[in-house]
Amino acid sequence: MSTPDFLVHHAADSVGVVTVETVQPGQTLTGWVMDTDQTVTIAALDAIPLGHKIALADIAEDDTVLKYGHDIGRAVLPVRRGGHVHVHNLKTKRW
């Protein structure tokens, strides 16, 4: 596999981390699932900057979001597969 466009740390994760410069809507991305050494392909729905998250599946409002196999917060808005996940639609559960 060539250099991945995003990384998924754990097979149970609901998001991957973009590893290339800004992704454009409609761009087909290839990701690497690190713990299983598998690849996944997703069409980006939004522009996503380097280091931000992409939804690996549809995420409903109030769903727990997993990254590194751990709960990183809850979705405050629905996010479709390939959508940008960041502070505008993901909040901590701490407050």
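Just so you know, the residues in each chain are numbered from 1, in the order the chain's sequence is written. Where local features are concerned, this predicted model is filtered to residues with pLDDT of at least 70; where side-chain atom pairs are given and counted, the filter is 80 or more; whole-chain, interface and lining totals use all residues. To get the side-chain values, all heavy atoms of the structure are used, and hydrogens and water are removed first.

The name that an unreviewed UniProt entry assigns to the protein is (2R)-sulfolactate sulfo-lyase subunit alpha, with the source organism given as Magnetospirillum fulvum.

**Q** Explanation requested: the pairing of strand β7 (residues 70-75) in the structure shown.
**A** Along any regular strand, the residues point their side chains to alternate faces of the sheet. Paired strands, in this sense, are two strands between which DSSP finds at least two bridges. Runs of E in the DSSP output that reach at least two residues are strands. Runs of H or I that reach at least four are helices, and both are numbered from the N terminus. Inspection of the sheet shows strand β6 (residues 64-67) paired to β7 by four bridges, in the antiparallel sense. The partner of K67 across the bridge, within β7, is H70. Between β6 and β7, which pair antiparallel and follow one another directly, the connecting turn spans two residues, one of which, Y68, has a positive phi of 60 degrees.

**Q** Even after reading the chapter, I still don't get the environment of Q38, so can you show me in this structure?
**A** For Q38, the location among the structural elements is in strand β4 (residues 38-43). C-alpha of Q38 to C-alpha of P4: the two residues are 34 residues apart in sequence and 11 Å apart in space. Discounting residues that sit within four places of it in the chain, Q38 has contacts with G31, W32 and V33. Contacts described as polar in this section are N or O atom pairs within 3.5 Å, which, within protein, must combine one atom able to donate a hydrogen with one able to accept it, while residues neighboring in sequence count only if both atoms come from side chains. Polar contacts involving the side chain of Q38 include one to the side chain of T36, which spans 3.2 Å. Residue contacts are defined here by distance: any two heavy atoms, one from each residue, within 4.5 Å place the two residues in contact.

**Q** What's the story with the pattern of salt bridges in this structure? I'm lost.
**A** Pairing is possible between side chains of opposite charge, provided their charged atoms come close. One side-chain nitrogen of Lys or Arg within 4 Å of one carboxyl oxygen of Asp or Glu is enough to make a salt bridge. Applying the stated criterion across every chain, the model contains two salt bridges. Of the charged contacts in the structure, one is a salt bridge between D62 and R74, with a shortest N-O distance of 2.8 Å. With D62 in the loop between β5 (53-55) and β6 and R74 in strand β7, the pair connects residues that are 12 residues apart, well separated along the chain. Judged by relative accessible area, which is 30%, R74 ranks as partly exposed. A salt bridge links D71 to K93, with the shortest nitrogen-to-oxygen separation between them at 2.7 Å. Exposure categories follow from relative accessible area, calculated using a 1.4 Å probe and restricted to protein chains: below 20% of the type maximum is buried, above 50% is exposed, and the middle band is partly exposed.

**Q** What is the right way to read unusual backbone geometry from this model?
**A** Most of the time, phi is negative for any residue but glycine, and the peptide bond is trans. For D62, which is not glycine, the phi dihedral falls at a positive 80 degrees. One non-glycine residue, Y68, lies in the positive phi region at around 60 degrees. Mapped onto the fold, Y68 is located in the loop between β6 and β7.

**Q** Whenever I open this one, the nonpolar core confuses me. Can you help?
**A** Taken as a class, soluble globular proteins show a tendency for nonpolar side chains to be buried jointly. Within the largest apolar cluster, 11 residues are counted, these being F6, V8, V18, V23, L29, V33, I42, A44, I48, I54 and L56. Among the elements of the structure, β1 (6-8) and β3 (28-33) are those that each provide at least two residues to this core. The contacts of I54, once residues within four sequence positions are left out, are F6, S14, V15, G16, V18, L29, I42, A44, I48, G82, G83 and V85. Here, nonpolar core means buried Ala, Val, Leu, Ile, Met, Phe, Trp, Tyr and Cys residues that are tied together by side-chain atoms lying within 4.5 Å of each other. If you look at the next biggest cluster of nonpolar residues, it comprises eight residues, including A55, V65, V79 and L90.

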